[in-house]
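# Summary of the model geometry
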Amino acid sequence: KKITPLLITLQGESQTSKEHQERGVEKFLYVIDGEIKASVDKEQSILKTGETLYFDASLPHQYSNEKAKPAKILLAVSPSKI
């Protein structure tokens, strides 16, 4: 496998733990439903349904859902590290 796709449901008012991958790993994030805040290194992006983000996963990153409604995210990791 060269890409690992993941479907993530981020419950309302929750966040993932901060993570970073080894050098050379990239992530593509697509918000299927809801709204999330993606923090990558020192930058934050608010992403709504249908919006995407592509980034170097060796940088510290975290996703949070500040709304009450759950958010669904499609995450693709390349190369596969999961």
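Refer to the structure printed above.
So, how was this worked out
Residues numbered from 1 in each chain as written. Predicted model: local features only at pLDDT ≥ 70, side-chain atom pairs only at ≥ 80, totals over all residues. Heavy atoms only, no water. Helix = DSSP H or I, 4+ residues; strand = E, 2+ residues; numbered from the N terminus. Buried < 20%, exposed > 50% of the residue type's maximum accessible area, 1.4 Å probe, protein only. Contact = heavy atoms within 4.5 Å. Salt bridge = Lys/Arg side-chain N within 4 Å of Asp/Glu carboxyl O. Pairing = 2+ DSSP bridges.

The next thing to look at is the environment of Lys-37. Here Lys-37 lies in strand 4 (residues 35–40). Of the residues examined, Lys-37 reaches a relative accessible area of 18% and is grouped as buried. Between the C-alpha atom of Lys-37 and that of Leu-75, which follows or precedes it by 38 residues, the distance is 14 Å. Sequence-distant contacts of Lys-37, defined by excluding residues within four places in its chain, comprise Gln-44, Ser-45, Ile-46, Gln-62, Tyr-63, Ser-64 and Glu-66.

Tallied over the full model, the rule gives four salt bridges. Among the salt bridges present, the one from Glu-35 reaches Lys-67, with a minimum N-O distance of 3.9 Å. In this pair, Glu-35 sits in strand 4 while Lys-67 sits in the loop between strand 7 (61–65) and strand 8 (71–78), placing the two residues 32 residues apart along the sequence. Note that Glu-66 and Lys-37 form a salt bridge whose closest N and O atoms lie 2.9 Å from each other. Here Lys-37 lies in strand 4 and Glu-66 lies in the loop between strand 7 and strand 8, a separation of 29 residues in the sequence.

It is worth spelling out the sheet that holds strand 5 (residues 43–48) at this point. Paired through backbone hydrogen bonds, the strands of a sheet run either parallel or antiparallel to each other. An order of 2-7-4-5 is seen for the four strands of this open sheet, with the pairing classed as antiparallel. In this open sheet, the two strands that pair with only one neighbour each are strand 2 (14–15) and strand 5. With two bridges joining them, strand 2 and strand 7 adopt antiparallel strand pairing. Following the sheet pairing, Ser-14 is matched in strand 7 by Asn-65.

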